[in-house]
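Each chain is listed here by its residues.
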Amino acid sequence: MTVTFSLDTDSDAAVWPAVPLPGEGRGPARERKKWARRTSELLWGLVDDEPVDKKQVKMLAFELESVAEQVPRAIPVHQLFLYVPDPRREFLTFLVHAGESKGEVEATLDELVQKHEPGAVQDPEVIDFDTERLGRGRRSIRYFVAAKAEEMCVSVNYAWRIDSLGIDVIVRTVGEDIGWITSHIDEFDAFARSLFVNLDT
């Protein structure tokens with residue numbers, strides 16, 4: 001099954017920018033670079049308590065371009081959003097993936113939010129996360145030790161079954177700054193509730 005859909009949001013685009021995934025080749029590379037430069041300039045332009053440093057703008061643009069290029073190569077994603085409340089600190093990536101609905105809904109949602117995934121240091125915190133726009137869902141907060149980095153990490157995982165399209169959707173972020181990530185769960189939840197299916201794409 002080929003999933004042709006996209007998620008859109010009415011959250012602040014300056015805090016939750018969508019990352020273009022144009023593919024491979026010279027044209028897409030130029031598109032990524034242009035997007036990264038413009039987005040970095042916009043984000044730094046919103047910081048009004050210090051002058052804009054061109055080196056900082058250039059560095060953030062490089063980081064944005066790298067994410068737009070490397071994440072789709074490493075992980076199968078349909079879409080990619082960023083959480084950038086302040087360009088002076090590291091941003092978070094929110095990955096979106098969709099697939100054909102399979103299996104009993106409750107068990108599938110638990111699987112998608114990694115409720116029983118091996119490697120967690122404690123049982124994940126799992127709650128129902130139904131939204132008006134996407135329907136029946138789950139959210140989990142999962143703590144684990146990353147195999148490569150050998151550091152404690154946390155993932156925040158959302159999943160929904162969208163019956164009208166026959167698909168299951170996952171939105172996930174992972175990071176090592178556990179205190180900062182867990183202190184922003186309310187913002188993540190608000191973003192998740194703002195998501196809706198855009199069938200015009």
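Residues numbered from 1 in each chain as written. Predicted model: local features only at pLDDT ≥ 70, side-chain atom pairs only at ≥ 80, totals over all residues. Heavy atoms only, no water.

Novice: How would you sum up a positive patch on the surface? Please name residues and give values.
Specialist: Taken together, the side chains of Arg-26, Arg-30, Lys-34, Arg-37 and Arg-38 present a region of like positive charge at the surface. Along the polypeptide, Lys-34 turns up in helix α1 (residues 26–45). The exposure class assigned to Lys-34 is partly exposed, which follows from its relative accessible area of 42%. (Patch = residues over 30% accessible without salt bridge, like charges linked within 9 Å, V, L, I, M, F, W, Y side chains within 5 Å. Areas by Shrake-Rupley, 256 points an atom, 1.4 Å probe, with all protein chains shown as cover. Salt bridge = Lys/Arg side-chain N within 4 Å of Asp/Glu carboxyl O. Lys, Arg positive; Asp, Glu negative; His and termini not counted. Charge placed at Lys NZ, Arg CZ, Asp CG, Glu CD. Helix = DSSP H or I, 4+ residues; strand = E, 2+ residues; numbered from the N terminus. Buried < 20%, exposed > 50% of the residue type's maximum accessible area, 1.4 Å probe, protein only.)

Novice: Describe the side chain of Asn-157, naming the residues involved and giving the relevant values.
Specialist: One can find Asn-157 in strand β6 (residues 152–162). Reaching out from Asn-157, the side chain makes a polar contact with the side chain of Ser-155 at a distance of 3.0 Å. Within the structure, the side chain of Asn-157 is placed 2.4 Å from the side chain of Arg-172, a separation counted as a polar contact. If we skip the residues at most four places from it in the chain, Asn-157 touches Val-113, Gln-114, Arg-138, Arg-139, Ser-140, Arg-142, Val-171 and Arg-172. (Polar contact = N/O pair within 3.5 Å; in protein donor to acceptor, adjacent residues only side chain to side chain. Contact = heavy atoms within 4.5 Å.)

Novice: Just give me the short version of the side chain of Gln-114, but keep the residues and values in it.
Specialist: Within the element layout of this structure, Gln-114 appears in the loop between α3 (105–112) and β4 (125–128). Relative accessible area serves as the criterion here: at 17%, Gln-114 is assigned to the buried category. Residue contacts for Gln-114: discarding those within four places in its chain leaves Pro-124, Arg-142, Ser-155, Asn-157 and Arg-172.

Novice: An account of the nonpolar core is needed here, citing residue identities and associated values.
Specialist: Ranked by size, the top nonpolar core spans 28 residues in total, and within it Trp-160, Val-169 and Phe-188 carry the most contacts. The set of elements that each furnish at least two residues to this core consists of β2 (79–83), β3 (92–100), β5 (137–145), β6, β7 (167–175), α4 (178–182) and α5 (185–194). No other element matches the 5 residues that β6 contributes to this core. Excluding residues within four positions of it along the chain, Val-169 makes contact with Phe-5, Leu-7, Val-96, His-97, Ala-98, Tyr-158, Ala-159, Trp-160 and Ile-162. The next biggest cluster of nonpolar side chains, apart from the first, holds 19 residues, and it includes Ala-36, Val-47, Val-77 and Leu-80. (Core = buried A, V, L, I, M, F, W, Y, C linked by side-chain atoms within 4.5 Å.)

Novice: How would you explain the sheet that holds β6 if you had to name every residue and give the values?
Specialist: Spatial strand order, β2-β3-β7-β6-β5-β4: 6 strands in an open sheet with antiparallel pairing. Bordering the open sheet on either side are β2 and β4, each of which pairs with just one other strand. Between one strand axis and the next, the sheet turns through 20° on average, direction left out of account. Relative to β7, β3 runs antiparallel, the two sharing 6 bridges. Looking at the pairing, Val-96 lines up with Val-171 of β7. Along the sheet face, α5 touches β2, β3, β5 and β6 and points at about 25° away from the line of β6. (Pairing = 2+ DSSP bridges. Axes fitted to C-alpha atoms, helices over the stretch in contact; angles between N-to-C directions.)

Purely geometric stuff here, so don't read any function into it on its own.
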